Protein chains: 6
Amino acid sequence: MSAPDLLTLGEALVSLRSTGPLAVGGSLTTHLAGAESNVAVGVARLGHRAAWVGRVGTDEFGEYVLRQMRAEGVGVDGVTRDPDRPTGLMILERRTADLTRAQYHRAGSAGSALCVDDLRAALATGARLLHLTGITPALSDTARAATRWAAETAANSGIPVCLDVNHRARLWSRDTARAVLTPLTDHVSIVVASADELDLLGEPGADESTVVADLFRRGVHTVLVKLGADGARAHTPDGVRHAGALSVTAVDTVGAGDAFTAGYLSGWFDGLDLAGRLRRAATLGAFAVSGPGDWEGLPRRAELSLLDGHEAGSVIR
Amino acid sequence: MSAPDLLTLGEALVSLRSTGPLAVGGSLTTHLAGAESNVAVGVARLGHRAAWVGRVGTDEFGEYVLRQMRAEGVGVDGVTRDPDRPTGLMILERRTADLTRAQYHRAGSAGSALCVDDLRAALATGARLLHLTGITPALSDTARAATRWAAETAANSGIPVCLDVNHRARLWSRDTARAVLTPLTDHVSIVVASADELDLLGEPGADESTVVADLFRRGVHTVLVKLGADGARAHTPDGVRHAGALSVTAVDTVGAGDAFTAGYLSGWFDGLDLAGRLRRAATLGAFAVSGPGDWEGLPRRAELSLLDGHEAGSVIR
Amino acid sequence: MSAPDLLTLGEALVSLRSTGPLAVGGSLTTHLAGAESNVAVGVARLGHRAAWVGRVGTDEFGEYVLRQMRAEGVGVDGVTRDPDRPTGLMILERRTADLTRAQYHRAGSAGSALCVDDLRAALATGARLLHLTGITPALSDTARAATRWAAETAANSGIPVCLDVNHRARLWSRDTARAVLTPLTDHVSIVVASADELDLLGEPGADESTVVADLFRRGVHTVLVKLGADGARAHTPDGVRHAGALSVTAVDTVGAGDAFTAGYLSGWFDGLDLAGRLRRAATLGAFAVSGPGDWEGLPRRAELSLLDGHEAGSVIR
Amino acid sequence: MSAPDLLTLGEALVSLRSTGPLAVGGSLTTHLAGAESNVAVGVARLGHRAAWVGRVGTDEFGEYVLRQMRAEGVGVDGVTRDPDRPTGLMILERRTADLTRAQYHRAGSAGSALCVDDLRAALATGARLLHLTGITPALSDTARAATRWAAETAANSGIPVCLDVNHRARLWSRDTARAVLTPLTDHVSIVVASADELDLLGEPGADESTVVADLFRRGVHTVLVKLGADGARAHTPDGVRHAGALSVTAVDTVGAGDAFTAGYLSGWFDGLDLAGRLRRAATLGAFAVSGPGDWEGLPRRAELSLLDGHEAGSVIR
Amino acid sequence: MSAPDLLTLGEALVSLRSTGPLAVGGSLTTHLAGAESNVAVGVARLGHRAAWVGRVGTDEFGEYVLRQMRAEGVGVDGVTRDPDRPTGLMILERRTADLTRAQYHRAGSAGSALCVDDLRAALATGARLLHLTGITPALSDTARAATRWAAETAANSGIPVCLDVNHRARLWSRDTARAVLTPLTDHVSIVVASADELDLLGEPGADESTVVADLFRRGVHTVLVKLGADGARAHTPDGVRHAGALSVTAVDTVGAGDAFTAGYLSGWFDGLDLAGRLRRAATLGAFAVSGPGDWEGLPRRAELSLLDGHEAGSVIR
Amino acid sequence: MSAPDLLTLGEALVSLRSTGPLAVGGSLTTHLAGAESNVAVGVARLGHRAAWVGRVGTDEFGEYVLRQMRAEGVGVDGVTRDPDRPTGLMILERRTADLTRAQYHRAGSAGSALCVDDLRAALATGARLLHLTGITPALSDTARAATRWAAETAANSGIPVCLDVNHRARLWSRDTARAVLTPLTDHVSIVVASADELDLLGEPGADESTVVADLFRRGVHTVLVKLGADGARAHTPDGVRHAGALSVTAVDTVGAGDAFTAGYLSGWFDGLDLAGRLRRAATLGAFAVSGPGDWEGLPRRAELSLLDGHEAGSVIR
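Residues numbered from 1 in each chain as written. Chains lettered and ligands numbered in written order. Predicted model: local features only at pLDDT ≥ 70, side-chain atom pairs only at ≥ 80, totals over all residues. Heavy atoms only, no water.

Mind showing me how you'd approach the nonpolar core here?
Nonpolar side chains tend to gather and get buried jointly when the protein is soluble and globular. In this structure, E:Leu6, E:Leu265, F:Leu6 and F:Leu265 are the most contacted members of the largest nonpolar core, which totals 111 residues. Those residues in contact with F:Leu265, other than ones at most four positions away along the chain, are F:Leu6, F:Val39, F:Val43, F:Leu129, F:His131, F:Cys162 and F:Ile190. (Core = buried A, V, L, I, M, F, W, Y, C linked by side-chain atoms within 4.5 Å. Buried < 20%, exposed > 50% of the residue type's maximum accessible area, 1.4 Å probe, protein only. Contact = heavy atoms within 4.5 Å.)

It is not clear to me how helix 5 (residues 174-184) of chain F should be interpreted in this structure. Could you clarify?
Residues three or four positions apart in an α-helix share a direction because the helix packs 3.6 residues into each turn. Among the residues of helix 5 of chain F, those classed as buried are F:Ala177, F:Arg178, F:Val180, F:Leu181, F:Thr182 and F:Leu184. Against the buried residues of helix 5 of chain F lie helix 4 (141-156), strand 10 (161-164) and helix 6 (208-218) of chain F. (Helix = DSSP H or I, 4+ residues; strand = E, 2+ residues; numbered from the N terminus.)

Just to check I follow, could you spell out the interface of chain A and chain B for this structure?
If you look at the interface, chain A gives 17 residues, while chain B gives 24 residues. For the pair chain A and chain B, the summed buried area comes to about 1,700 Å², and 55% of that belongs to carbon and sulfur atoms. The largest per-residue losses of area from chain A upon contact with chain B belong to A:Arg95, A:Asp98 and A:Leu99, which jointly make up 34% of the total buried on that side. The interface formed by chain A and chain B includes two salt bridges. The partner of B:Glu303 in a salt bridge is A:Arg95, and the shortest N-O contact between them spans 2.9 Å. Scanning the region where chain A abuts chain B turns up 13 residue pairs in polar contact (both at pLDDT 80 or more). When its residues are assigned to classes, the side of chain A that touches chain B shows nine nonpolar, three polar and five charged. (Buried area = accessible area lost by both parts, 1.4 Å probe. Salt bridge = Lys/Arg side-chain N within 4 Å of Asp/Glu carboxyl O. Polar contact = N/O pair within 3.5 Å; in protein donor to acceptor, adjacent residues only side chain to side chain. Nonpolar A, V, L, I, M, F, W, Y, C, P; charged D, E, K, R; others polar.)

Teacher, can you tell me more about the relation of the copies chain A and chain B here?
Each of the two chain copies can be brought onto the other by rotation about an axis and movement along it. With an RMSD of 0.0 Å, the fit of chain A onto chain B corresponds to turning through 120 degrees and sliding 0.1 Å along the axis. One copy is carried onto the other by what is essentially a three-fold rotation axis. (Least-squares fit on C-alpha atoms with pLDDT ≥ 70 in both.)

Sorry, what's going on with the interface of chain D and chain A here?
You'll often see interface size given as the accessible area lost when the parts meet. With 24 residues of chain D in contact, the opposing surface of chain A contributes 24 residues. Summing both sides of the interface, chain D and chain A together bury roughly 2,000 Å²; the carbon and sulfur share of this comes to 62%. At the boundary of chain D with chain A, the tally comes to two salt bridges. Between A:Glu60 and D:Arg101 there is a salt bridge whose closest N-O contact spans 3.2 Å. At the boundary of chain D with chain A, the tally comes to five residue pairs in polar contact (both at pLDDT 80 or more). Only strand 3 (27-33), helix 2 (60-71), strand 7 (89-96) and strand 8 (99-105) of chain D provide two or more residues apiece to the side of chain D that touches chain A. Of the strand pairs in this sheet, strand 3 (residues 27-33) of chain A and strand 3 of chain D are connected by three bridges, and their pairing is antiparallel. Note that in strand 3 of chain D the partner of A:Leu28 across the bridge is D:Leu28. (Pairing = 2+ DSSP bridges.)

Coordinates in, geometry out; function isn't part of it.
As structure tokens, then:
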């Protein structure tokens, strides 16, 4: 196993998606979910080598999760199979046209039992970049320790670390998240957050520039603030740059943030400048929101320009 | 059987919904339909006791109709089963993205054979409010007599009566509707109508204020004028109040008016003031239009605030 | 419009099929149904010219019915569109794996309003054979008169008439059916019946040979007794011949009898001898039962030998 | 709340059913599952009053579970809603045509937190019979205590208790099951078991007659041994009676045992003799296996004779 | 076979449509596709007689194609069945909400083997108008010759010819298309093109007025420039007229241009003036984009006014 | 890339499966198909390292094919992407319950352009066994040369070659197949064939023992004759051994032969004796026929005993 471009870790789940309110029943479709695996798929589709480590059950859903990642070319050689715990499950309910609700069945899951030992081999192999999210430390004490260990180990080995805050209110409180995530940024180079997540890396209620300044002091060199349909803002020592989102018809916003991150990191792997990285981030975000699924619609390299210059209703024939 | 909060009566049908033009075939999905049962479901989901009376066949679709109402906690103990007539059926054709067409197979249906005797027990039990629509008197002579009898009996017992005009052009003409509905308002406290239905309760072409004044003279104390995406206007002796609609992505407007009425009546059962009742009416209307189905997406009490402060594409997790 | 090989008349309906109990809901798929149109499709698929006359509504289901018949090449130029009555509807419920139940919504339908005038042009054009079923005279007085008139007119013009008893217990009693159908056989050349229908053309409880003898006396020259999985028995003045059914996996028996008749008549149009006609009848019956739908699986001419020598699970590649 | 005919308690779950191997994904359909709720539905469909008590979450799946039971007319007034625990979930995988696998997500579920206090009101109201299964005591310590308490309380109040062994190998071992269930039979009148479950109520490996004799000594008066396609054997003080199964096409055996029990108890409520009770048990079992779903195909009273005298492929029209 | 109003020729294909990215699999639905057959269906639905000639395989997809055209009342008597070549196939991938991609499997198809002899009978029968598209000459040498022959033959017989440019970039280059199509316009009366296709009938990059002037010189008397949501522009010797599009919710733009042409030609068959023809063209375009499918949502004559005065979410009942 | 256990080569296609007759339309589901990839998946699911080489397009179906093989852990590093040719397609029509028909769209496909150069790297890497089928040499001249070259090269390197005859009547005649395949067996160690394919490796009409003797003379050491539901016969120098098939409910026989081969080869990789290899072959065959799809239901190693001792309708819970 040679070192991949991207190494990421976390919990990958089976996501069962409804098309309407759960209370009245109907059918659910099976998908791979997980912020980190979304990023890994996004990066792998563009031809970079990506690897994911984590823990899945020996149950059928564990097989499903691995089948999907393998299908996308994401390396799963380092994955631990846990015979005693089920693969985590989430139900994604389309409650109204505008509102989706997640219901987790991940307490006690294999993924939440992630521990330092699960990561040793992967970190030893190395990577060009390590991607972490703020979800993993919310899963369990061992997962929290594993996240911290991975960040430290990578940083100490000179591997840049990217952290997406990804606050999950159903898993932990903002205060607990802040207490855990802020110190983690000592080992982080790139921070990704939505605007309302930013103060989880600083004082409660702190404004953006203050948080960014703090992060720079801790050693972070890039802070990406996701603004949804308004695009994104990138803070670097050179200043602030705003990048607009592509204009597309949004049908499913789940996974858009992860796509954005994947695009940014792909640009970084390709050696693009900031503008180029942000543009690719916006492109992947646009693909993510204009199709169903968390990651199913992400582009391969030959498709990167597909949304350019096309208006709604375009047909290529 | 203790007295429910809401008593309503009418015809409940099986609605078979297409996703495209009927002429080219395809599949249809089965739903419970009926303006009055929609209101009953809306009220019951919010925790009020609701009962529906009417007549359904002993056929399988009759079972289906009762199963759905029971599922929603709507009382059906007073329902008459008619062994000789089928349960009414409607086909709801999604002709274009913007246009839905109903085709009724309800002539001679069990529901249209509703008669006074079917209602005696329910009226004797009483309720806090009786809800009627202008559909029932359009179904048959006996149903017309039953509607009139119910309005009179309730009014005489001090039970307030709510009437939603609900004009169905495929069932009767505007003139016939006017001739039947206008005298009915002598027994009515709350009138619900869309703007173009209002003159069915007055002179043809009469303007809103004239009709409202007439209705007030007949003893009506509240007139609610539904304005679709523009919200609603409430006329009371205290004056006129406009309430806006919530901003949501509309995917299916069928049932929105019934949801509005259910929300208003729920607010009334809860003792809310007019502003509060209108706000709840708008909330239920918003739930109805932002999901598929006539009533499937209506909120339970804990969900009432779910649409507040969320923009399109929100995910709760 | 030149004379077709087969002329048939009756009611064609939209059949909505469930895959499980109706009471618990689910989806229904749209199909063309009607014993006579089934026969017309079966015959047309084999390359004979077939025409169907009857009455359908101007509603969407009427369009659907005509689209399906046109698709199959069945002539519908003589069809009457009825602006005042809906196209008949039936619900076909798969109650258990072994039991299907039909529920009709055809009372007052366009098809049941069939009358003599609807048939004049078609009969004037003529045909090589007229096919009737015992369903049409059960629909209404005018349909009964039309059936009788058509049989008489055809017979008087030298056009042989085929009658399939097709008893529908939900439409009329055995006694009424007998009283209507028996005299009809005076004009009939070929009778098709299942074993338990045969005494509807004779004395109640009469045995097969007695009924056949009676029919021969009335001028019938062929009596085909359908025996389901046991094949069929053909009575002609030359004696009795039994023909076995093909061995296939049965998944849907609806339409099997009509397929049998279509096969027999196709053989007759092709000038086959009795054995050849019965073999083709058995072949079409086998196609009908080994696929879903009333007629969707019937063979084109090039497919007639497809079931020969194949066992379950065969793959042609 | 007046006393129902049948009172039962246990865990009701949402069952998500696949049509193929889970590992390759696809869609899942939502169903109500639970051995006890299956029995309650079966009994309620036949017109008896049935009530179910247990604990479900305040989540959407909890709503679903209650909607389904209410739809079927099963009383759920005594159900406890648990705001802190999710409603239990199971995945039912159609692994091959012959083999279905259950995967449970019920550890820590609301249903498994059932306790004595949840049952007090229901037991105080009483019933004509209390039905228990061997699944409930396998769920948790409190559920085990609750089962025992319910059996004792009912027996002490003169309410006969029916116990279906229903061994679930994924929940506990045979030895643990035996140690718990055997003493429980001191309070039981009717025992239901499959042949290989019988020795869970006696010595390991004990033969049927020995176990039955032991059970009689403990006060059991009827032992029903389910034999699948071979029918069932009933042991009473009057001797042993065998009853055959109805001959139907089996498409889904899940829920067949519960249907059998529901049929038997329905016969008991109706005052039928043993032969009549066994015949009804066999009838319900036949409906259960010849349609998809655990209970969806169970008959209403008017349908009890539907399978009599019909062969595969019958059509009622 | 009497002369139809519209005669058209080309390749009709089976179109398999996805609802998402092909790379992740899923299901495809079967449709009839083909620019010329779309026009024929649009015209036939409005009651004009339309006939299509071309070549399809003797395979199942060939049957499907013919079934669909017959269903719509399009004459297919002149169609050639090719036993040696398959019916053409296209995959229509819904890549994102805004972008659809066609993938053709039509190389070597029956349709591409179209030749002059296939058209002789149809041209001999005549028609009120011949419709051609720029797709057919892109299919093969013989198809190119056949298109030219048909245009010349019709023009020589006094049958006006309509040509829709319909450039397919996946079939040929703009230069090749220009070289073939420009001379073809010598025989053409009506030209239809989108704005970016217009210079395929003139010098590369020529502006609209120049191309139109050239076309007029060649004998064309009407040039229709399709502008999508902006409507259309009609050039005639009387000047330029702009017609707006109807305001509808667009869900599928495939087939919109063909619908526009069908509407225009229908107006021409009905003897409408230019404004009336353009209005009907816009109406059919609106139906096409506001429903799924290439032609499935096109109106029958009685439906032409259905979109007038209705806003999104209208329900007719 | 280290040497896999199994190396195989051929054409992998997208298979679009219908559930009924294609002529009446409906939906198709997407699957990976290909006799060789089926074997590779079967072997990989059991934990052996399997690699497939061949040529697929750069189109979306090419992506799909690779995604599926990667998902199953089949090595595709050696696959050639062909930018000029489409990935092959087949339509698998469920014509009746008993009969499936394949229709190929593989002429000119990427897969059929397989050539020697595509295989050099894979053969150089080596493997424990090379698996070929008689399909590949039927695809094109270059594919035929490539097959021959691979067999020779492997045999010369001491890698045993397995050949499954897999006659495809739609691709070539029996005579052509015989002329190509017979000389190929000079390099083959294991031959797999159905009984009616055996004489394609000998004289036309030759009986089994004669063909086997000839094959032994050419150096083959094992001849496996597949007998469908009757199991299989194995000829080795030690004699003939018959092995029965497992008794399961057959729902889809496509892929059963490939599963049989995969099972046999897995046993060979595991060092099982002939009886053990045949038993595993039968087990995989049973999994294949008792579930839908070519390979989707094949077992993982932990599932190998799943079908033992279970009768139809078993539930593991």
